[in-house]
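Below, each chain spelled out in residue letters.
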Amino acid sequence: MRSKLIKVEKMEIVSQLAASISHEVRNPLTVVKGFIQLMKSQSVPKETQDEYMHIALEEIHRAETIINDYLTFAKPSTNKTEPLMVDQELCYVIHMLQPIAQMNGIKIEEKLQPGSIIGNAQHFRQCFLNLMKNSIEAMPNGGILTVSSTVQENGIIITVQDTGIGMTKEQISRFGEPYFSTKEKGTGLGSMVAVKLIETMNGTWQIQSEVGHGTLTTIMFPKA
Ligand code: ADP
Ligand code: MG
């Protein structure tokens, strides 16, 4: 009975996340629609038109960022859980991020021990994409992103560590809170999505961080 209850709750987390997207993306789309309507209905001077275009493009970019925080890997019909090789999945995400890391002078170090957990590959990738992206964004002047997986007797420990700007105590305590962002164009949704997905996969997490030195996020999953 208890395990059934937990399962229902987890399904709910996932469908809540999906519902949040349409909600979140609607705002920027409304803005874009408004500006396009304005441009259509009046003879707008060139200068104002450029300004409207600029805002519309920014909003489209924002909609895209929100979708990326939630659904980079989403395909229809996949909420299934299966054994996942954490080292392979982490490698996949690292390869995806390699170009932006390189552009920002960031070296990615992998220390990946093979091991498996039970989860959904899309959720797992989304979760670590969001965490690693935060690390990359925390190192605007370059640095080192270290990703490790370690197999222990009763679980697998994954760490994502950066040499970036770090977080204050308050920022650490608000990690995972929806809409909390210190970035000019942040959504404050990436860490919330990551935390929810870790919980969906029965994982736990912990953050250690020091301003000016960097951040270490440790995630523990039960072994498959
Ligand atoms: P966003 O990245 O859009 O700001 P997130 O939910 O992904 O939203 O992150 C929330 C906030 O947590 C960030 O704005 C930042 O202040 C802080 N944060 C998360 N990860 C890190 C990190 N690795 N280093 C420094 N700050 C971080
Ligand atoms: Mg983020």
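Throughout what follows, the structure given in this document is the object of discussion. The structure displayed is predicted, hence computed values, not measured ones.

**Details of the pairing of strand β5 (residues 155-162)**
Thinking step 1. In terms of burial, β5 is a largely internal element, 7 of the 8 residues being buried.
Thinking step 2. Between strand β4 (residues 143-151) and the antiparallel strand that follows it, β5, lie 3 residues.

**What about the environment of Ala 101?**
Thinking step 1. Its place among the elements puts Ala 101 in helix α3 (residues 86-103).
Thinking step 2. Distance from Ala 101 to Gly 143, taken between C-alpha atoms, is 9.2 Å for residues 42 residues apart in sequence.
Thinking step 3. Ala 101 has contacts with Ile 106, Ile 108 and Ile 136, leaving out every residue within four places of it along the chain.

**Description of the site of ligand 1**
Thinking step 1. Around ligand 1 lies a shell of 19 residues, among which Ser 181, Thr 182, Lys 183, Thr 187 and Ser 191 are the nearest.
Thinking step 2. One of the backbone N or O atoms of Thr 187 is found 2.8 Å from an oxygen atom in ligand 1.
Thinking step 3. Contact distances for ligand 1 include 2.7 Å between an oxygen atom and a side-chain N or O atom of Ser 191.
Thinking step 4. Contact with the protein chains removes 94% of the 530 Å² of surface that ligand 1 exposes when unbound.
Thinking step 5. Applying the majority rule of atoms within 2 Å of the grid points places ligand 1 in the largest pocket.
Thinking step 6. In terms of residue count, helix α4 (residues 121-137) provides more of the shell around ligand 1 than any other element does, 3 residues in total.
Thinking step 7. By residue class, the composition of the shell around ligand 1 is 5 nonpolar, 11 polar and 3 charged.

**Let's talk about the packing of aromatic side chains**
The geometry of two aromatic rings is summed up by the distance between their centres and the angle between their planes.
Thinking step 1. In the structure shown here, the tally under the stated rule is 5 aromatic pairs.
Thinking step 2. Ring centres of Phe 124 and Phe 128 lie 4.7 Å apart, and the angle between their planes is 40°; this geometry places the pair in the tilted category. A residue pair is termed a helical-turn pair when its members lie 3 or 4 positions apart in one helix, as Phe 124 and Phe 128 do in helix α4 at 4 residues.
Thinking step 3. Look at Phe 124 and you get buried, because its relative accessible area is 0%.
Thinking step 4. According to the relative accessible area criterion, Phe 128 is buried, its value standing at 0%.
Thinking step 5. Among the aromatic residues, those joined into a ring-pair cluster are Phe 124, Phe 128 and Phe 221.
Thinking step 6. In this arrangement the basic side chain of Arg 125 is found over the ring face of Tyr 92, its NZ or CZ atom lying 3.8 Å from the centre.

**Notes on helix α6 (residues 190-200)**
Thinking step 1. With respect to burial, α6 is a largely interior element, 9 of its 11 residues being buried.
Thinking step 2. Among all positions of α6, only Gly 190, Ser 191, Met 192, Val 193, Ala 194, Val 195, Leu 197, Ile 198 and Thr 200 are buried.
Thinking step 3. Looking one or two residues past α6, Asn 202 carries a phi angle of roughly 65°, positive in sign.

**Looking at the pattern of salt bridges**
Thinking step 1. Taken as a whole and judged by the stated rule, the model has 8 salt bridges.
Thinking step 2. Of the charged contacts in the structure, one is a salt bridge between Lys 46 and Asp 50, with a shortest N-O distance of 2.9 Å. Of this pair, Lys 46 and Asp 50 both sit in helix α2 (residues 46-71), 4 residues apart, which is roughly one turn of that helix.
Thinking step 3. A salt bridge links Arg 174 to Glu 177, with the shortest nitrogen-to-oxygen separation between them at 2.8 Å.
Thinking step 4. Judged by relative accessible area, which is 33%, Glu 177 ranks as partly exposed.

**Considering the side chain of Glu 59**
Thinking step 1. Note on placement: Glu 59 falls in helix α2.
Thinking step 2. For the buried Glu 59, no salt bridge is present, and the opposite-charge side chain at shortest range is Arg 62, 5.2 Å distant.
Thinking step 3. If near-sequence neighbours (up to four positions away) are discounted, Glu 59 is found in contact with Pro 28, Val 31 and Val 32.

**Some thoughts on the layout of surface pockets**
Thinking step 1. Here the largest pocket is characterised by a volume of approximately 1,100 Å³.
Thinking step 2. Looking at the largest pocket, it is lined by 42 residues, and the ones nearest its centre are Lys 133, Asn 134, Glu 137, Lys 183 and Gly 186.
Thinking step 3. Breaking the lining of the largest pocket down by element, the ones donating at least two residues are α2, α3, α4, α6 and β7 (214-222).
Thinking step 4. Here the lining of the largest pocket takes 8 residues from α2, the largest share from any one element.

Parameters at a glance
Residues numbered from 1 in each chain as written. Chains lettered and ligands numbered in written order. Predicted model: local features only at pLDDT ≥ 70, side-chain atom pairs only at ≥ 80, totals over all residues. Heavy atoms only, no water. Buried < 20%, exposed > 50% of the residue type's maximum accessible area, 1.4 Å probe, protein only. Helix = DSSP H or I, 4+ residues; strand = E, 2+ residues; numbered from the N terminus. Pairing = 2+ DSSP bridges. Contact = heavy atoms within 4.5 Å. Near = heavy atom within 4 Å. Polar contact = N/O pair within 3.5 Å; in protein donor to acceptor, adjacent residues only side chain to side chain. Areas by Shrake-Rupley, 256 points an atom, 1.4 Å probe, with all protein chains shown as cover. 1 Å grid on protein atoms, 1.4 Å probe; cavity = no way out; pocket = protein on both sides within 12 Å on 5 of 7 lines; lining within 4 Å. Sits in = over half its atoms within 2 Å of the grid points. Nonpolar A, V, L, I, M, F, W, Y, C, P; charged D, E, K, R; others polar. Phe/Tyr/Trp six-rings, centres within 6.5 Å; stacked < 30°, edge-to-face > 60°. Lys NZ or Arg CZ within 6 Å of the ring centre and 35° of its normal. Salt bridge = Lys/Arg side-chain N within 4 Å of Asp/Glu carboxyl O. Lys, Arg positive; Asp, Glu negative; His and termini not counted. Points joined across faces, edges and corners; volume = space filled by probe spheres on them.

Read these as layout, nothing more, since geometry by itself doesn't imply function.
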